[in-house]
Structure formats: structure tokens, C-alpha cells
Amino acid sequence: REWAVHALAIRLLKRGELDRAETLLEALSDTHRGKRETLAALRRRQGRTGEAWTLLERELFDHAHGLQTVLLKMIEWALEEGDWAYARLLSDRAEQAGACLDLSDYAVLSAPLQLALAEQDGPQAIRLLERMLESFFETPFYFNDPALYSSVPRLQDRHAASVEALLAVLREGETSPAESFY
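Residues numbered from 1 in each chain as written. Predicted model: local features only at pLDDT ≥ 70, side-chain atom pairs only at ≥ 80, totals over all residues. Heavy atoms only, no water.

Novice: Talk me through the overall build of the protein chain; I want residue IDs and the actual numbers.
Specialist: Helix and strand counts for the protein chain come out as eight helices and zero strands. Reading the protein chain from its N terminus to its C terminus gives the helix and strand order α-α-α-α-α-α-α-α. For the protein chain, with 182 residues in total, the buried portion stands at 38%. Total accessible area on the protein chain stands at roughly 11,000 Å², and carbon and sulfur atoms take up 55% of it. (Helix = DSSP H or I, 4+ residues; strand = E, 2+ residues; numbered from the N terminus. Buried < 20%, exposed > 50% of the residue type's maximum accessible area, 1.4 Å probe, protein only. Areas by Shrake-Rupley, 256 points an atom, 1.4 Å probe, with all protein chains shown as cover.)

In C-alpha cells, the structure reads:
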């Protein structure tokens, strides 16, 4: 049903029936895959280009994080299957993709950290955790270069929650030394 509504909204948008298209788009759930991009096109047609850019940048940002999430899962599976070479390749690609998409060091370094933990490389894991923690204090949002995401708010509340989550992981390592590779 939602795909039919979305398709109709696109058709109305192309015909210039912006009010009707907007009504249909508002009826879609926020999780509908094409809603944000189509809404951005509508906002642009309405002359609300600032809102249009914000919507597209959020879409790019969400896809970038989705890509990282899928790559982390693929690394996990490769490690479970004992395919260390493929896990390393995926980790390299995840790091490159995150850097290319200007994600924070936290996102960029998650895959190499996952690999270091699987290899039980304590010194490398600590180096990566330190870099991740430093990035939290240097970059209070989820990307390194705000130029690519200039319209996305800086997500201060998420930043504070992420710092707390990382500190909790570090504290857990202190209380479970057998699990911290020393």
C-alpha cells in the first residue's frame, strides 16, 4: 500500500500537483524507504531548498551508517566462518568508506576495532579505542567534515550518549581483565 501511495505522490509531483503530493507523502510512515528523497524533491519544487538539502544530507548520512552496519555484520560472519582474509578486506573497505563519507573516527574505526578484538590484539584495540575516545571530544557529531553534511544538526545529545556508552565499555574492560587481552 505505501509503495502505491509513494508512486502516486511521485506522479503528482512530476505533474506539478505539489499540495496533493505533499498530502500523500505526509501519510507515509517515516521509515518508508523513498519518503525522504521524494520529500526533498517536493521541498525543492516548492522553493524550500534549505529543507530539501537537509533531507538529502540526512538520507546520505543514514545510508553511510547503514553501510557501516552491514559491513560490520559481514566482518562478524567472516570471522565466525574463520575467513580472516575476507574479514580484513571488509574491515579495510569499511574504514575507507567511512573516511570517504566523512564519518567520525568512531564510525571509521569500528571495523578495525572489531578485527583487533577478534585477533586479540590488545595494544591495537587500545590504540583504536583511544583514537575513538579522542574523536568524541574533538568532533561533537557523527562526521569529521561538516561540509558534506552542512545542513544536518550537530546531534549534541547523541554525542553525550555515545561518550557514556564508550566509557561503559572501557569500564567493563577494567572489571573483566581476562577479556581485555592482557
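Novice: Explain a nonpolar patch on the surface to me, using residue names and the numbers behind them.
Specialist: A contiguous nonpolar surface patch, about 320 Å² in accessible area, is contributed by V70, M74, Y86 and L89. Counting residues per element, the ones that place at least two in the nonpolar patch are α4 (49-80) and α5 (84-100). By the element assignment, V70 lies in helix α4. For V70, a relative accessible area of 47% puts it in the partly exposed group. (Patch = residues over 30% accessible without salt bridge, like charges linked within 9 Å, V, L, I, M, F, W, Y side chains within 5 Å. Salt bridge = Lys/Arg side-chain N within 4 Å of Asp/Glu carboxyl O.)

Novice: Lay out the side chain of H6 in plain terms, naming residues and giving numbers.
Specialist: Position of H6 among the secondary structure elements: in helix α1 (residues 2-14). A distance of 3.2 Å separates a polar atom in the side chain of H6 from the backbone oxygen of G34. Ignoring sequence-local partners within four residues, the contact set of H6 consists of L25, L28, H32, G34, K35 and T38. (Polar contact = N/O pair within 3.5 Å; in protein donor to acceptor, adjacent residues only side chain to side chain. Contact = heavy atoms within 4.5 Å.)

Novice: Outline the pattern of salt bridges, listing residues and values.
Specialist: Applying the stated criterion across every chain yields a total of ten salt bridges. Among the salt bridges present, the one from E17 reaches R20, with a minimum N-O distance of 2.7 Å. Overall, E17 belongs to the partly exposed group, its relative accessible area being 25%. When its relative accessible area of 49% is taken as the criterion, R20 is described as partly exposed. A salt bridge links R36 to E59; the shortest N-O distance between them is 2.8 Å. With R36 in helix α3 (residues 35-45) and E59 in helix α4, this residue pair connects regions lying 23 residues apart in the sequence.

Novice: Before we move on, can you summarise the environment of G34 with the specific residues and values?
Specialist: For G34, the location among the structural elements is in the loop between α2 (18-27) and α3. Sequence spacing of G34 and H6 is 28 residues, and the spatial spacing of their C-alpha atoms is 7.5 Å. If we skip the residues at most four places from it in the chain, G34 touches W3 and H6.

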